[in-house]
Amino acid sequence: VSTQSTGGDNHASWEHLRMSIPMLLSLNVAGYPFVGADVGGFFGNPSVELLTRWYQAAIFQPFLRGHAHIDTKRREPWLFGEEATANIREALVLRYQLLPYLYTLFYEASVDNSPVMRPLWYEFPEDSAQHSNQKEFLVGPALLSSPVLESGESTHYTTLPGKEVWYNYHTLTQHEATSSLSTIVKMSTMPLFIRGGSIVPIKKRLRRSSELMAGDPYTLIVATNSKGEAVGRAYNDDTKTFNYQKGDLMYREIKLSNNQLTNRVISGSYASPEVERIVLLGIGKHSATLNGEFKNQPSREPWEFTQHPSREKLPM
Amino acid sequence: LASRRQGEPAKQWYQRRVRGSDGSDEPGTAACPNGHFYCTNKGFKGQLMGSSRVDDGICDCCDGSDEKEGQCENTCVALGAQMAEAAKIIRKEQAIGFQQRLAYVADGKAAKARRDEDIGRLAGERDKLRGEMDEREKVRNEAEGPAKAAKEAAKAKFDAEEAARKEVEDEQIRKEAEIIFRGMDQDKDGETTLEEVQQYSTGEESLLDVDETLNIQELSIPDILESLQNKIRMQREDARKDEQREVKKKQKRAKKPELKKQPVPEVVKEEEEEEELWGEDGQKIQKNKEYIPEPDEFDDLDDEEEDEPEDVAPIRNTISYDAETQKLIDVFEEAETLYNEAKKQFEHAERQVEEVEKLNEIDFGRDEEFFSMRGECFELHDGKYKYKMCPFDQCTQDGTNIGKWEGWEKDGKGNVNYGVMLYSRGAGCWQGPNRSTRVEVKCGSKNEIVSAEEPAKCEYAYVFKTPAACTKVQEEHEIHDEL
């Protein structure tokens, strides 16, 4: 992947927060994916609200960095009181959880220069009404970010493009594609949606750094489409060396079709951690049985099935 | 797979039995975000940490129980020994400091007692002196009127006499000038011509300036007469000055050496010496009754006069007061001297009271234990800067003021925290606040600044160790808990 870059000396203003999206989308489709804007703005001092919203938007942008002019006031995330600290921490935790997915996107970008941050038209070219949407963007093919970009906003409108279903990442609620989904937002709300038909690999264990996440097991979010199918890819390597160029990598495709969840190797033989959790979205109230086992998964612990939100447990 | 419905719940399979939201059923893993893990750390001390530290490749527990078996070395016993050693050293320091503090407290309390004594006494003295000053002021004010009036009367008389005398003299001079003018009539034909004037002016005894004769054609007889008169007048004044100088010399030889300098005629100069007495009209009053010239208001800046060694004014006559007038003047002058003396003493006493009050305003600690370090200064060189603190006064970084004494830190409820000193309102910072310093005060065996930093722009932080903060000697286990 190419070197990273920031968007230059921007301002601590809502306008510049909003501008970061079309700016970074342009760079991405131009083949320059590893880009971002200084969180909070380089010049000036952001309000607590602006700083929080900026973090919540920037965690879904490829290059995430807080930065400012030396004469601005200090703005470390813990300097603005308990509530702001908790909100920003939650945003950063979410970013870390998405690292396996992001890493996969960066690998794919290094192979064919596909954008990491995508405009809606990239995935939904037929939805012409969304060709000029500059308020939302996709992270890879599977995640839609619709950040809050207005001060004091309480009702937020999101377009869920295409014809397929979407799932709210946090509440796991399912939605039909629509041009205007309204949600009540609080300061802690980070609107994020999963596209029906995609599988997103994440790691949910909270660690002090990404390096310490290396041995942690995966959680697979399997978001089915209207046909009950889903597909996704997962990439991993040692994250430190160039050995991946010699094939020391893991690149797998996970697919759900015909009621079968398969996990096949696309390339590489790098040993990766196990899967500890699978989240199935949109398969109805019926219980599903997990037949067979996950091949190549060393631990033989029995799987448990839990239905969200009710905590009904059914034995395997 | 059956139908999906809008907003239906999701299903999740969990490989491990991650049930409880507090993760209490999975203590040995990092699976639960809110979970906690406790390492026993036998030989050192137990530790509670978030479960995110379990199985992450970092040995957080000294007994290595947060990682897989065999991955970490057990360092608990060594750490325990280190901790005990460190605790011993701290205890020793605390013990020394504690003893020293007792001495500080004794000194501080004694000083406070002295201040309490002093302030009563000093205030009494001051009030007494104020009374005296007020009394003397009254006396002075009473004497002022009569003295002023007498002086004015004397001056009026003198002025009148002077005017009369001047008239007489002017007439004399006019006559003299005429005589000289007629004397210029060389050919004794009863008329003095311009040529004759020119001839006269080149003569040795001429009273006319050579320069003037250059314009002789333009001069008229009145002009010539006026010139002559001025010259005669000047001659007379020179003669008088010489006479006065002689008189003064005689006086000086006869007098004590404290004769004061005479004022310059053109300007009422400010005299810095004490005991100078000024009358109401700005005229200097001398105590001695000899002839002392006074500035004559008619005499302008005569720059052509050379500087007399004693600045003798070109005066015709000097005013002298009769015995009665002089007595009134003397009475007033004496009253004024006494008043000024009393005022000085009163002000001195008041300053002394204020000094003690200022000290009483400073909080020197619960037991006055910080009093003895006031007036001392402490320094720390960090290789780049010289950091200094003068307790209850100010802090500096090299030559820059980084904070003046503000007070002890207070918590939200207004309780004083003797562990933190605040210095503020220091030198301004470009694009930043006025410099300020926060001093953490800790127990130590002697007074010293142990660290100085600038954690935020133009906001400084010292750590200052002092016996004054050694309020107790801790038990070893108490120190362990702190470590």
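Now for a quick tour of the structure.

**Considering the pattern of salt bridges**
For the structure shown, the criterion picks out 47 salt bridges over all chains. Among the salt bridges present, the one from arginine 264 of chain A reaches glutamate 253 of chain A, with a minimum N-O distance of 3.3 Å. With arginine 264 of chain A in strand β15 (residues 260-267) and glutamate 253 of chain A in strand β14 (residues 250-257), this pair connects stretches of sequence that are eleven residues apart. Residues lysine 155 of chain B and aspartate 159 of chain B are paired through a salt bridge, measuring 3.0 Å at the closest nitrogen-oxygen approach. One end of the pair is lysine 155 of chain B and the other is aspartate 159 of chain B, both in helix α1 (residues 76-183) and four residues apart, which spans about a single turn. Residue aspartate 159 of chain B is classed as partly exposed on the basis of its relative accessible area, which comes to 33%. Each member of the salt-bridge network shares a partner with another, and the members are Glu162, Arg165, Glu169, Glu176, Arg236 and Arg240 of chain B.

**So, the side chain of glutamine 61 of chain A**
Within the element layout of this structure, glutamine 61 of chain A appears in the loop between α2 (48-58) and α3 (82-97). The residues touching glutamine 61 of chain A, leaving out its near neighbours within four places in the chain, are Ser20, Ile21, Leu24, Val35, Arg95, Met117 and Phe137 of chain A.

**A closer look at the sheet that holds strand β8 (residues 394-397) of chain B**
The strands making up a sheet associate through hydrogen bonds between their backbones, and the pairing can be parallel or antiparallel. Residue and element names in this part refer to chain B. Read across the open sheet, the eight strands follow the order β6-β7-β8-β9-β10-β11-β13-β12; overall the sheet is mixed. Here the strands that pair on one side only, and so sit at the sheet edges, are β6 (378-381) and β12 (448-456). This sheet shows a mean twist of 25 degrees between the axes of neighbouring strands, independent of strand direction. Sheet topology places β6 next to strand β7 (residues 386-390); four bridges connect them, and they run antiparallel. In the sheet register, leucine 380 faces β7, and the bridge partner there is tyrosine 387.

**Brief notes about the environment of arginine 101 of chain B**
Residue and element names in this part refer to chain B. For arginine 101, the location among the structural elements is in helix α1. Exposure remark for arginine 101: the relative accessible area of 9% places this residue in the buried category. Arginine 101 sits 344 residues away from serine 445 along the chain, and the two C-alpha atoms are 9.3 Å apart. Setting aside its immediate chain neighbours within four residues, arginine 101 contacts Asp367, Glu369, Pro467, Ala468, Cys470 and Thr471. A distance of 3.2 Å separates polar atoms of two side chains, one belonging to arginine 101 and the other to aspartate 367.

**Here's the deal with the environment of arginine 75 of chain A**
All names here are of chain A. Take arginine 75: it is sitting in the loop between α2 and α3. C-alpha separation for the pair arginine 75 and asparagine 45, spaced 30 residues apart in sequence, amounts to 8.1 Å. Setting aside residues no more than four positions away along its own chain, arginine 75 makes contact with Val39, Gly40, Gly41, Phe42, Gly44, Asn45, Pro46, Leu51, His67, Ala68 and Phe80. Polar contacts involving the side chain of arginine 75 include one to the main-chain carbonyl oxygen of glycine 41, which spans 2.8 Å. Engagement of the side chain of arginine 75 in a polar contact is seen with the backbone oxygen of histidine 67, the distance being 3.3 Å.

**Considering a nonpolar patch on the surface**
All names here are of chain A. Residues Val29, Trp121 and Tyr122 make up a contiguous nonpolar surface patch of roughly 260 Å² in combined accessible area. When you line up the elements, valine 29 lands in helix α1 (residues 14-29). Since its relative accessible area comes to 40%, valine 29 is described here as partly exposed.

Rules of the game
Residue numbers run consecutively from 1 along every chain, following the written order of its sequence. For naming, the first written chain is A and the first written ligand is 1, with later ones following in the order written. Selection of residues for local features in this predicted model requires a pLDDT of at least 70, selection of side-chain atom pairs for listing and counting requires 80 or more, and totals for whole chains, interfaces and linings are taken over all residues. The basis for every side-chain value is the complete set of heavy atoms in the structure, and neither hydrogens nor water enter the calculation. Salt bridges are counted wherever a side-chain nitrogen of Lys or Arg sits within 4 Å of a carboxyl oxygen of Asp or Glu. Helix numbering and strand numbering both begin at the N terminus, where a helix is a DSSP run of H or I of at least 4 residues and a strand a DSSP run of E of at least 2. Each residue gets one of three labels from its accessible area relative to the maximum for its type: buried under 20%, exposed over 50%, partly exposed in between, using a 1.4 Å probe on protein chains only. It only takes one pair of heavy atoms within 4.5 Å for two residues to be counted as in contact. Any two strands with at least two DSSP-identified bridges between them are counted as paired. Angles run from 0 to 180 degrees between N-to-C directions of axes, and those axes are lines fitted to C-alpha atoms, restricted for helices to the stretch in contact. Any pair of N or O atoms that falls within 3.5 Å is considered a polar contact. Within protein, one atom must be able to donate a hydrogen and the other to accept it, and sequence-neighbouring residues count only if both atoms are side-chain atoms. Two distance rules govern patches: like charges are joined within 9 Å, and nonpolar side chains (Val, Leu, Ile, Met, Phe, Trp, Tyr) within 5 Å, applied only to residues with over 30% relative accessible area and no salt bridge. The Shrake-Rupley method, run with a 1.4 Å probe sphere, supplies the accessible areas, and residue values consider only the shown protein chains as cover.

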